[in-house]
Amino acid sequence: MNIAGSILRLVRVPYDGPRTGTHLLLQLRTDEGLEGVSYVSFAGEGAWSAKALSVTVEALVPRLAGCDVLNTEAVSSLLQGAEGPLAGLVHRAASLIDVALWDIRGKALGRPVWQLLGGFSNRVRVYGGWKLWWQLDADTVARNAAWFREQGFTALKFRLGGMGSASEAVERTRIIRAAAGPSMDLLADANQSWDMKQALAIGAALDECGLFYLEDPISHQDEAGLAHLARELRTPLAAGESYSGSAPFRRLLERRGLDLVMVDLNVGGLTPWMKIAHLAETYGRPIVSHLCPEILAHAVAASPNGLILEYLPWASDLWREPPLVKDGWLELSAKPGLGLEVDEAAVKRLELSA
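I will try to describe carefully the structure that is included in this document. (Residues numbered from 1 in each chain as written. Predicted model: local features only at pLDDT ≥ 70, side-chain atom pairs only at ≥ 80, totals over all residues. Heavy atoms only, no water.)

A short note on the overall build of the protein chain
Okay, step 1: A tally of helices and strands in the protein chain yields twelve helices and 13 strands.
Okay, step 2: Compactness check: the protein chain gives a C-alpha radius of gyration of 20 Å against a globular reference of 20 Å for 354 residues, within 12% of the reference.
Okay, step 3: Each principal axis of the C-alpha distribution contributes one length, and for the protein chain these read about 60 × 40 × 40 Å.
Okay, step 4: When the 354 residues of the protein chain are sorted by exposure, 55% land in the buried category.
Okay, step 5: Excluding contacts between residues fewer than 6 apart, the proportion of contacts in the protein chain whose partners are at least 24 apart in sequence is 68%.
Okay, step 6: Split by element, the accessible area of the protein chain, about 14,100 Å² in all, is 51% carbon and sulfur.
Okay, step 7: Positive and negative charge centroids in the protein chain, built from 34 and 41 side chains respectively, lie 1 Å apart. (Helix = DSSP H or I, 4+ residues; strand = E, 2+ residues; numbered from the N terminus. Rg over C-alpha atoms; globule rule 2.2 N^0.38 Å. Buried < 20%, exposed > 50% of the residue type's maximum accessible area, 1.4 Å probe, protein only. Contact = heavy atoms within 4.5 Å. Areas by Shrake-Rupley, 256 points an atom, 1.4 Å probe, with all protein chains shown as cover. Lys, Arg positive; Asp, Glu negative; His and termini not counted. Charge placed at Lys NZ, Arg CZ, Asp CG, Glu CD.)

Structural data, given as structure tokens:
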């Protein structure tokens, strides 16, 4: 089975008041009439990098000519081997293709992707990953935290990236705890905004707040600093969303620099994602996801050490029947592939001009 064609479209989806999600949607088609879908999101950098990514995807797809898309490792090796000096960009482009190929494999074999990836479970616990931005005032944050509780979520993530002191961070945490209730698991994301001195001081204060984990307190490039924080703080440390390959995860796991391993699809797609999950498992570390919940639900559910899935609905409008969350869990269907069908009318409405 070979690739016969592809379509790339840039879309912008409203999802949280004035906030929008910008995504690059890929549809791969085979010579046997199957279609595989995938997408990547532009969170921090905006849509300006979409053109470079689109050009890279368009350059990679022809490399698959003559390859049987069912040969997972051969295709993944071909995609990863094209990286050269542009590894991060190539890994991101490869992730789009790799995910779409897994969707095709599932449809060809009549199996859901979560089952092909390992089949540990067909459901995964989720946390609400939106509505609690650090820029919001205290009253708004409190209302939104209560909303998550009312919707049945059992875990939520709030941002502390704009909080430069321990008192600010602790006060924001207390407000959210009061609104969300004592049984809610709270995850805090510092968005790599603190220096080491701030991270130690604020992290020590947050140790008293009983957080589920603290995410990205310092730059992902400071691997020695992450290892130091993991030793010094009682709150479990999560990091990894910015890494585009497996090497940083291996180094940090060897140094015991991560309590939870957070992996984005930008490592090259589901194929390398699962390898990192298995690597984390050998070190006794749970794995958590970053973005793309419709896709990464399959990977987290398939992994014995899959702990929790980041859920936010910023691409839900792209699908006819997006996966739903009930009582804090996302249950995957038995539909072949990813179980996603593109809503063509919505995509045409949301598509951005080139």
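Things to note about the packing of helix 10 (residues 270–282) against helix 11 (residues 293–302)
Okay, step 1: Where helix 10 contacts helix 11, the axes come no closer than 10 Å and their chain directions differ by 30°. It follows that helix 10 is roughly parallel to helix 11 by the angle criterion. Handedness of the helix 10/helix 11 crossing: right-handed. Where helix 10 approaches helix 11, its residues Leu270, Trp273 and Met274 are matched on the opposing element by Ile295, Leu296, Ala299, Val300 and Ala302.
Okay, step 2: Classifying every residue of the contact of helix 10 with helix 11 by side-chain character gives eight nonpolar, no polar and no charged. (Axes fitted to C-alpha atoms, helices over the stretch in contact; angles between N-to-C directions. Parallel < 35°, antiparallel > 145°, perpendicular 65-115°, else oblique. Left-handed = near helix turned anticlockwise from the far one by under 90°. Nonpolar A, V, L, I, M, F, W, Y, C, P; charged D, E, K, R; others polar.)

Some remarks on the nonpolar core
Okay, step 1: In this structure, Leu156, Phe158, Leu206, Val261, Leu270 and Trp273 are the most contacted members of the largest nonpolar core, which totals 86 residues.
Okay, step 2: For this core, the element with the most residues is helix 11, which contributes seven residues.
Okay, step 3: Within the second largest apolar cluster, 25 residues are counted, among which are Leu28, Val75, Val90 and Ala94. (Core = buried A, V, L, I, M, F, W, Y, C linked by side-chain atoms within 4.5 Å.)

Observations concerning the sheet that holds strand 3 (residues 35–41)
Okay, step 1: If you walk across this open sheet you meet the three strands as 1-2-3, and the pairing is antiparallel. With one partner strand each, in any of the chains shown, strand 1 (3–16) and strand 3 form the two edges of the open sheet. Ignoring which end each strand starts from, the neighbouring axes of this sheet average 20° apart.
Okay, step 2: The pairing of strand 1 with strand 2 (residues 19–30) spans twelve bridges and is antiparallel. Following the sheet pairing, leucine 8 is matched in strand 2 by leucine 26.
Okay, step 3: Sheet strands touched by helix 3 (residues 87–109): strand 1, strand 2 and strand 3. Its angle to strand 3, the strand with the most contacts, is close to 150°. (Pairing = 2+ DSSP bridges.)

Re the packing of aromatic side chains
Okay, step 1: Counted by the stated rule, this structure contains ten aromatic pairs.
Okay, step 2: With a centroid separation of 6.1 Å and an interplanar angle of 75°, the aromatic rings of tryptophan 130 and phenylalanine 153 are classed as edge-to-face. One end of the pair, tryptophan 130, is in the loop between strand 4 (123–128) and helix 5 (138–150); the other, phenylalanine 153, is in the loop between helix 5 and strand 5 (155–159), with 23 residues separating them in the sequence.
Okay, step 3: In this structure phenylalanine 153 comes out as buried when scored by relative accessible area, which is 8%.
Okay, step 4: An angle of 65° between the planes, with centres 5.9 Å apart, marks the rings of tryptophan 130 and tyrosine 311 as edge-to-face. With a gap of 181 residues between them, tryptophan 130 in the loop between strand 4 and helix 5 and tyrosine 311 in strand 11 (residues 306–311) connect regions that are remote in the sequence.
Okay, step 5: On the basis of relative accessibility, which here comes to 11%, the residue tyrosine 311 falls in the buried class.
Okay, step 6: One residue, arginine 105, lies across the ring of tryptophan 102, its end atom 4.9 Å from the ring centre.
Okay, step 7: The side chain of arginine 125 reaches across the aromatic face of phenylalanine 212, ending 5.7 Å from its centre. (Phe/Tyr/Trp six-rings, centres within 6.5 Å; stacked < 30°, edge-to-face > 60°. Lys NZ or Arg CZ within 6 Å of the ring centre and 35° of its normal.)

Some remarks on unusual backbone geometry
Okay, step 1: With a phi angle near 55°, asparagine 191 is a residue other than glycine that sits in the positive phi range.
Okay, step 2: Structurally, asparagine 191 is set in the loop between strand 6 (185–189) and helix 7 (196–206).

Details of the pairing of strand 9 (residues 260–264)
Okay, step 1: The element strand 9 is largely enclosed, with a buried count of five among its five residues.
Okay, step 2: Taken together, the two bridges between strand 8 (residues 237–239) and strand 9 define a ladder with parallel strand orientation. Within strand 9, the residue paired with alanine 238 across the bridge is leucine 260.
Okay, step 3: Traced from strand 8 through helix 9 (residues 247–254) to strand 9, the parallel crossover comes out right-handed.
Okay, step 4: Of the pairings in the sheet, the one linking strand 9 to strand 10 (residues 287–290) comprises four bridges and is parallel in character. The residue of strand 10 that forms the bridge with aspartate 264 is histidine 290. (Right-handed = clockwise from strand over helix to strand, strands pointing away.)

Considering helix 9
Okay, step 1: Residues of helix 9 that are buried include every one of Pro248, Phe249, Leu252 and Leu253, and no others. Each buried residue of helix 9 lies within a common arc of 130° when the element is viewed along its axis, so the set occupies one face.
Okay, step 2: In the core, the buried residues of helix 9 are packed alongside helix 8 (223–232), strand 8, strand 9 and helix 10.
Okay, step 3: One or two positions beyond helix 9, positive phi appears at arginine 256, with a value near 55°. (Arc of directions from axis to C-beta.)

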